[in-house]
Amino acid sequence: MTEEKKKKVVALLSGGLDSQLAIKMMQEQGFDVSAVAIKTPFCDFDCGRGCGFEIRERADDLDVNLKTVYLGDEYIEMLKKPKHGIGAGFNPCIDCRSMMFDAAKKHMEEIGAEFIISGEVLGQRPMSQHAPALRTIEKESDLVGKIVRPLSAALLPETDPEKDGLIKRENLGMIRGRTRRNQLDMAKKYGIENPPNAGGGCLLTEPQFGIKAKDLFEHTKNPTINDIDLLKIGRHFRLDQETKFVVGRNKDENEMIKAIALPDDTLLEAKDFVGPVSILRGTNSKKHLQFAASVTLRYSDAPNDNTAIVSIKQNDSVEEITSESAKEESYIQFRM
C-alpha cells in the first residue's frame, strides 16, 4: 500500500508478545495500526504483574497511537453474573473479551478503521481461545467477520478483510496451542528484544485471588472498587455473612489498608509491638472485635504467652483493649 492509501486497523494491545507480533504483521503488510489498551479493576497495565506492564512504552516501540479504556463499574456489574460463566479462578474470559472488543469497535468506528486485530492464538487459553469461544466473542461484540487474529488466522474461517482483498491468507499465521517457539522466532525477526513472558496479568485467573473475589461477590450485593482494592492485599478472613477481616503482611500493605479504610471500618494495631494493621469491615464488626485483636497480636512481634494492648480506631475515635495472641486453631478455619 502507498502512504496515501494506507488502510487503518485497530489492535487490542495487552503489551504481551502475541499482541505485539500481531501489530508487526499488519504493519509489515502496509496497514496503519492504532492500538487500544484495556484496563480493568483486575488487570492493570501499570501494575507490573503481567503482560500489560509498561503498555505505553510498548506502544512507542511499535510506533502506534494508543488509546486507553478503563472498564470499571460496568465490569463489576458484569462479574455479578457473567453470561458465559467463569474459568478455573473467577475469570469471566468470554464476557471480558467481548467487552474489550466492544471498546475496540467504538474506536474503530471513530477513526474509520477497516477491522480489528488481536494477538489471540487458537488453543492457547482453555476458556476463551478455542474456536467456539472465538466465534461467541465475535457474536457478542457484533463483530462477526471483523476480527482478524493474525497469528492463527490461516487456521480460522475467512474474515471480511480477506473476502474484500485487504489481506491474503498466505500472509497470515498458522500458530496453534500453548508453545511459544514460533512467537519467539518471530520476535527475533521483528527485533523485539526481551519479549515478555507468557501469561496474562489478570488477577482473576489466579486461583487464590479467585477464591477471595468469589467470596466478595457472594457476600456483597454491590461490590465497589474500594472492596476490590482491598482484595489485592493482606491475609483475608471471612468471619460471618456480613463481616470480613484483613491483616496486613508488611509495611506497604499496612499503609494501603489505612488508605483504603472507610469511615465505618475498624482498624486494629498492636500498641507496643511491630506488627500488622488489620481492618474489620461489616455490620457485625463489634461482635468480632476481641477476636480480631487477638489475631492482630498473633501476627505481630508481641509474645505469645502474654497479654498486650491493641489500638482500635474507627472514624476519629481511638480506644484500647487488652488481648492475648490467638492460637492458630482458633482462626485458621476462617482464612481464605
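To be clear, the structure that these remarks concern was listed above.
Everything quoted here is computed from the prediction, not taken from an experiment.

Chemist: Please explain the overall build of the protein as it appears in this structure.
Modeler: A count of helices and strands for the protein gives twelve helices and eleven strands. Projected onto the principal axes, the alpha-carbon positions of the protein cover approximately 80 × 40 × 35 Å. Within the protein, the proportion of its 336 residues that are buried is 51%. Excluding contacts between residues fewer than 6 apart, the proportion of contacts in the protein whose partners are at least 24 apart in sequence is 63%. Of the side chains in the protein, 48 bear a positive and 53 a negative charge, and the two mean positions are spaced by 4 Å.

Chemist: What is the right way to look at unusual backbone geometry in this model?
Modeler: Generally, phi is negative for residues other than glycine and the peptide bonds are trans, each holding for most cases. The phi dihedral of aspartate 63 is positive, around 60°, even though this residue is not glycine. Residue position: aspartate 63 is located in the loop between helix H2 (55-62) and strand S3 (65-70).

Chemist: Is there a simple way to think about the environment of asparagine 254 in this case?
Modeler: Inspection of the secondary structure puts asparagine 254 in helix H10 (residues 251-260). Along the chain, asparagine 254 and serine 118 lie 136 residues apart, while their C-alpha atoms are 39 Å from each other. The contacts of asparagine 254, once residues within four sequence positions are left out, are Gly248, Gly275, Pro276 and Val277. There is a polar contact of 2.9 Å between the side chain of asparagine 254 and the backbone nitrogen of valine 277.

Chemist: What's the story with the pairing of strand S6 (residues 235-240) in this structure? I'm lost.
Modeler: When a strand is regular, its side chains alternate between the sheet's two faces. Most of S6 is tucked away, with six of its six residues classed as buried. When S6 meets strand S7 (residues 243-247), the two strands line up antiparallel, connected through five bridges. When the sheet's bridge partners are listed, phenylalanine 237 is paired in S7 with phenylalanine 245. In this antiparallel pair of consecutive strands, S6 and S7, the connection spans two residues.

Chemist: So what exactly am I meant to see when it comes to the sheet that holds strand S9 (residues 277-281) here?
Modeler: Taken together, six strands build an open sheet; the order of strands is S6-S7-S9-S8-S10-S11 and the sheet is antiparallel. In this open sheet, the two strands that pair with only one neighbour each are S6 and strand S11 (317-324). Mean inter-strand twist for the sheet, computed between neighbouring axes without regard to direction, equals 25°. Of the strand pairs in this sheet, strand S8 (residues 266-270) and strand S10 (residues 307-314) are connected by four bridges, and their pairing is antiparallel.

Chemist: Please explain the side chain of glutamate 138 as it appears in this structure.
Modeler: Within the secondary structure layout, glutamate 138 lies in helix H5 (residues 131-140). Here glutamate 138 falls in the buried class, since its relative accessible area comes to 14%. A polar side-chain atom of glutamate 138 sits 2.7 Å from a polar atom in the side chain of arginine 149.

Chemist: Help me out: how do you make sense of the sheet that holds strand S5 (residues 147-148) in this one?
Modeler: Across a sheet, paired strands are connected by hydrogen bonds in the backbone, their directions being either parallel or antiparallel. Within the open sheet, the five strands sit side by side as S3-S2-S1-S4-S5. Their pairing is parallel. Every interior strand has two partners, whereas the edge strands, S3 and S5, have only one. In this structure, strand S4 (residues 115-117) lies alongside S5, joined through two bridges in parallel fashion. The residue bridging isoleucine 117 from the neighbouring strand is valine 148, located in S5.

Chemist: Can you walk me through the layout of surface pockets in this structure?
Modeler: In this approach a probe as big as a water molecule rolls over the atoms, and the regions it shows empty are the leftover space. There is about 530 Å³ of room inside the second largest pocket. Taken together, 27 residues form the lining of the second largest pocket, with Asp264, Arg281, Gly282, Thr283 and Ser285 sitting closest to its centre. Elements with a contribution of two residues or more to the lining of the second largest pocket: helix H8 (207-219), helix H9 (225-231), S7, S10 and S11.

Chemist: Would you explain helix H3 (residues 73-80) in this entry?
Modeler: Since the α-helix advances by 3.6 residues per turn, residues separated by three or four positions end up pointing in the same direction. For H3, every residue scored as buried is listed here: Tyr75, Ile76, Met78 and Leu79. One side of H3 holds all its buried residues, which, seen down the axis, span an arc of 160°. On its buried face, H3 is in contact with helix H4 (93-111), H8 and H9.

Chemist: Which parts of the structure should I look at to understand the nonpolar core?
Modeler: Inside soluble globular proteins, nonpolar side chains tend to come together where they are buried. Core analysis: the biggest nonpolar cluster contains 36 residues, and Ile38, Phe42, Tyr75 and Leu204 have the highest contact counts within it. Where this core is concerned, the elements lending two or more residues are strand S1 (8-12), strand S2 (32-39), H3, H4, H5, H8 and H9. Sorting elements by how many residues they give to this core places H4 first, with eight residues. What tyrosine 75 contacts, discounting residues up to four positions off in sequence, is Thr40, Pro41, Phe42, Pro92, Cys96, Met99 and Leu204. Counting residues in hydrophobic clusters, the runner-up holds 21 residues, among them Leu13, Phe31, Val148 and Ala153.

How each quantity is defined
Residues numbered from 1 in each chain as written. Predicted model: local features only at pLDDT ≥ 70, side-chain atom pairs only at ≥ 80, totals over all residues. Heavy atoms only, no water. Helix = DSSP H or I, 4+ residues; strand = E, 2+ residues; numbered from the N terminus. Buried < 20%, exposed > 50% of the residue type's maximum accessible area, 1.4 Å probe, protein only. Contact = heavy atoms within 4.5 Å. Lys, Arg positive; Asp, Glu negative; His and termini not counted. Charge placed at Lys NZ, Arg CZ, Asp CG, Glu CD. Polar contact = N/O pair within 3.5 Å; in protein donor to acceptor, adjacent residues only side chain to side chain. Pairing = 2+ DSSP bridges. Axes fitted to C-alpha atoms, helices over the stretch in contact; angles between N-to-C directions. 1 Å grid on protein atoms, 1.4 Å probe; cavity = no way out; pocket = protein on both sides within 12 Å on 5 of 7 lines; lining within 4 Å. Points joined across faces, edges and corners; volume = space filled by probe spheres on them. Arc of directions from axis to C-beta. Core = buried A, V, L, I, M, F, W, Y, C linked by side-chain atoms within 4.5 Å.

Such coordinate-based values are descriptive only and should not be taken to indicate function.
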